[in-house]
Amino acid sequence: MNTFNDLVLFAYSEPDYAEAESFHKMINSNRELSIEYRTILRVKSYLNKLKVGPSESVIKNILGYSRALSVSKSKNAGNISLLLN
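What you see is a predicted model, and the numbers here were worked out from it, not measured in a lab.

Before going further, it helps to spend a moment on the side chain of Ser-34. Tracing the sequence through the fold places Ser-34 in helix H3 (residues 31–49). Of the residues examined, Ser-34 reaches a relative accessible area of 13% and is grouped as buried. Polar side-chain contacts of Ser-34 include one of 2.8 Å to the side chain of Arg-38.

Structural data, given as structure tokens:
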């Protein structure tokens, strides 16, 4: 393991104990790898804390649309959708 990609893969994987021990020894014996690995872990932690979802305006638009939409069944024409203003 000596590339940035290897460090990222290790940070996001769940290796068995022997493999993890080997990676940790390699990381701890190389200052540059250790700094990069700690940085990856900080970024990983930050990304895990981010809440990804729709904005407040998108939620309001969807709820407004759902309140304005009226769907009725008709015997002859099937479903009729009306968007009320």
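Here we come to H3. With 19 residues, H3 ought to run about 27 Å at 1.5 Å a step, and its terminal C-alpha atoms sit 27 Å apart, in line with that. Here H3 has its buried residues at Leu-33, Ser-34, Tyr-37 and Ile-40. Projected down its long axis, H3 carries its buried residues within an arc of 125°, all on one side. Exposed positions of H3 whose direction lies more than 90 degrees from the buried face are Arg-31, Glu-32, Arg-42, Tyr-46 and Lys-49.

Here we take up helix H1 (residues 4–12). For an α-helix the count is 3.6 residues per turn, leaving residues at separations of three or four pointing the same way. Listed in full, the buried residues belonging to H1 are Leu-7, Phe-10 and Ala-11. Within H1, the buried residues cover an arc of 100° as seen down the axis, which keeps them to one side. Residues Asn-5 and Leu-9 are exposed on H1 and point more than 90 degrees away from its buried face. Contacts from the buried residues of H1 go to helix H2 (17–29) and H3.

In this description, a pair of aromatic rings is defined by centroid distance and the angle of the planes. Enumeration according to the criterion identifies two aromatic pairs in this entry. Taking 4.5 Å as the distance between ring centres and 15° as the angle between the ring planes, the aromatic pair formed by Phe-10 and Phe-23 counts as stacked. One end of the pair, Phe-10, is in helix H1; the other, Phe-23, is in helix H2, and 13 residues separate them in sequence. Residue Phe-10 shares its accessibility class with Phe-23, and that shared class is buried.

Once that is clear, we can look at the packing of H2 against H3. Relative placement of two packed helices is described by the angle separating their axes and the distance separating the axes. Between H2 and H3, the least distance of the axes is 5 Å, while the angle of their chain directions is 115°. In terms of orientation, H2 and H3 fall into the roughly perpendicular class. Residues His-24, Met-26, Ile-27 and Ser-29 of H2 touch H3, and the partners they reach there are Arg-31, Leu-33, Ser-34 and Tyr-37. Tallied by class, the residues present in the contact of H2 with H3 amount to four nonpolar, three polar and one charged.

Calculation criteria
Residues numbered from 1 in each chain as written. Predicted model: local features only at pLDDT ≥ 70, side-chain atom pairs only at ≥ 80, totals over all residues. Heavy atoms only, no water. Helix = DSSP H or I, 4+ residues; strand = E, 2+ residues; numbered from the N terminus. Buried < 20%, exposed > 50% of the residue type's maximum accessible area, 1.4 Å probe, protein only. Polar contact = N/O pair within 3.5 Å; in protein donor to acceptor, adjacent residues only side chain to side chain. Expected span 1.5 Å × (residues − 1). Arc of directions from axis to C-beta. Contact = heavy atoms within 4.5 Å. Phe/Tyr/Trp six-rings, centres within 6.5 Å; stacked < 30°, edge-to-face > 60°. Axes fitted to C-alpha atoms, helices over the stretch in contact; angles between N-to-C directions. Parallel < 35°, antiparallel > 145°, perpendicular 65-115°, else oblique. Nonpolar A, V, L, I, M, F, W, Y, C, P; charged D, E, K, R; others polar.

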